[in-house]
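A structural walkthrough
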Amino acid sequence: MKETPLLQVQDVSAFYGDFHALAGLTFEVYDGEVVALLGSNGAGKTTLLRVISGLLKTRAGTVHFLGREITNLAPDAIVELGIAHVPEGRQLFAEMTVEENLLLGSHIRRSRVRRRANLEKFYAMFPVLGERRKQMSGTLSGGEQQMLAISRALMSEPRLLLLDEPSLGLSPIVTEQMLAIVKSIAGPALTVVIVEQKVIDGLEISSRGYVIEDGRLVTKGSAEELIRDPKIREAYLGL
């Protein structure tokens, strides 16, 4: 029997005003995977994450999660069902402390009862956050802010984590550390969809990838297949 996808996006179209941002896009994600979304700037990757998390309404198509249709549900309802979204640029509350930002991530009913235990869990995972728990998040380094953004999302105890450009603005060394963290937290209890500007780095931590251009799916495959694909290498690496 074929495995049922954890997430299934079917023929989705979405617009920003008159701009057709997604045009009949289909993709699926299975339990325990890390799946990379690839494409040039403006291809539709961020838009797709926004549709999945309910921040942008679709004009056509459906989104299913855990076998349930969630198309155009309110974002808070989607978080409650088990999807967390770390947006591009992290979007922390700069004038709130590290701990206050983390506690905001556990406001939903499902995870609220374990918020203190989860705080300690992420302070153990990222000791620098524990050391800076009373520090304003706007004063953290870029890498520390990304750790905080990921931890805040995980405070809701999601089944699916959407990561939009986690290496944005980070040095190569910190990027390597950040992607290693993403790979380490993925597993049977947490599936990850990642948009990553550093294509090869993103694919190296992923099991599969989808390439999107002009709001349409142009190719897909295992991470190994895409890394070896001459068209991918030419388009994104200049090789």
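Attention in this report is confined to the structure presented alongside it.

Rules used throughout
- Residues numbered from 1 in each chain as written.
- Predicted model: local features only at pLDDT ≥ 70, side-chain atom pairs only at ≥ 80, totals over all residues.
- Heavy atoms only, no water.
- Pairing = 2+ DSSP bridges.
- Helix = DSSP H or I, 4+ residues; strand = E, 2+ residues; numbered from the N terminus.
- Contact = heavy atoms within 4.5 Å.
- Axes fitted to C-alpha atoms, helices over the stretch in contact; angles between N-to-C directions.
- Buried < 20%, exposed > 50% of the residue type's maximum accessible area, 1.4 Å probe, protein only.
- Lys, Arg positive; Asp, Glu negative; His and termini not counted.
- Salt bridge = Lys/Arg side-chain N within 4 Å of Asp/Glu carboxyl O.
- Polar contact = N/O pair within 3.5 Å; in protein donor to acceptor, adjacent residues only side chain to side chain.
- Phe/Tyr/Trp six-rings, centres within 6.5 Å; stacked < 30°, edge-to-face > 60°.
- Core = buried A, V, L, I, M, F, W, Y, C linked by side-chain atoms within 4.5 Å.

1. Here we look at the sheet that holds strand β1 (residues 7–16)
The four strands are arranged β2-β1-β4-β5 in an open sheet whose pairing can be described as antiparallel. If you trace the sheet from one side to the other, it starts and ends with β2 (19–29) and β5 (68–69), each paired once. Relative to strand β4 (residues 60–65), β1 is paired through five bridges, and the arrangement is antiparallel. By the bridge assignment for β4, L7 is matched with F65. Along the sheet, helix α1 (residues 45–52) contacts β1, β2 and β4; its crossing angle with β1, the most-contacted strand, is approximately 110 degrees.

2. Some points on the side chain of D229
For D229, the location among the structural elements is in the loop between α10 (223–228) and α11 (230–237). Here D229 occupies a buried position and makes no salt bridge, while the nearest side chain of opposite charge, K231, is found at 6.4 Å. Of the polar contacts made by the side chain of D229, one reaches the backbone nitrogen of K231; its length is 2.8 Å.

3. Focus on α1
Residues three or four positions apart in an α-helix share a direction because the helix packs 3.6 residues into each turn. When you tally the buried positions in α1, you get six out of eight residues, the bulk of the element. The complete set of buried residues in α1 reads K45, T47, L48, L49, V51 and I52.

4. A look at the packing of aromatic side chains
Enumeration over the complete set of coordinates arrives at one aromatic pair. Where F27 meets Y210, the ring centres are 5.2 Å apart and the plane angle is 85 degrees; that geometry is what we call edge-to-face. Highlighted residues: F27 in strand β2 and Y210 in strand β9 (residues 208–213), separated in sequence by 183 residues. For Y210, a relative accessible area of 3% translates into the label buried.

5. Side note on the sheet that holds strand β3 (residues 34–38)
Strand order in the open sheet formed by six strands is β6-β7-β8-β3-β9-β10, with mixed pairing between adjacent strands. Across the chains shown, the open sheet's two edge strands, defined by having one partner strand only, are β6 (83–86) and β10 (216–222). Averaged over all pairs of adjacent strands, the angle between strand axes in this sheet comes to 15 degrees, irrespective of strand direction. With six bridges connecting them, β9 and β10 associate as antiparallel partners. Counted as the bridge partner of R208 is S222 from β10. Here α1 sits on the sheet in contact with β3, β6, β7 (160–164), β8 (191–195) and β9, set at roughly 150 degrees to β7.

6. Observations regarding the nonpolar core
Core analysis: the largest hydrophobic core is formed by 42 residues, its most contacted members being L129, L161, L163, V192 and I194. Looking at which element gives the most residues to this core, the answer is helix α7 (residues 142–154), with six residues. Non-local contacts of V192, meaning those with residues more than four positions away in its chain, are made with E33, V34, V35, L160, L161, L163, V182 and A186. Judged by nonpolar contacts, the second largest core, of 28 residues, contains V29, L49, I83 and L162.

7. Digging into the pairing of β2
In the sheet, β1 pairs with β2 via seven bridges, with the strands oriented antiparallel. Following the sheet pairing, Y16 is matched in β2 by F19. Connecting β1 to the next strand, β2, in antiparallel fashion are two residues, including G17 with a positive phi near 65 degrees.

8. Remarks on the environment of D214
Relative to the helices and strands, D214 resides in the loop between β9 and β10. Placed 182 residues apart in sequence, D214 and G32 show a C-alpha to C-alpha distance of 28 Å.

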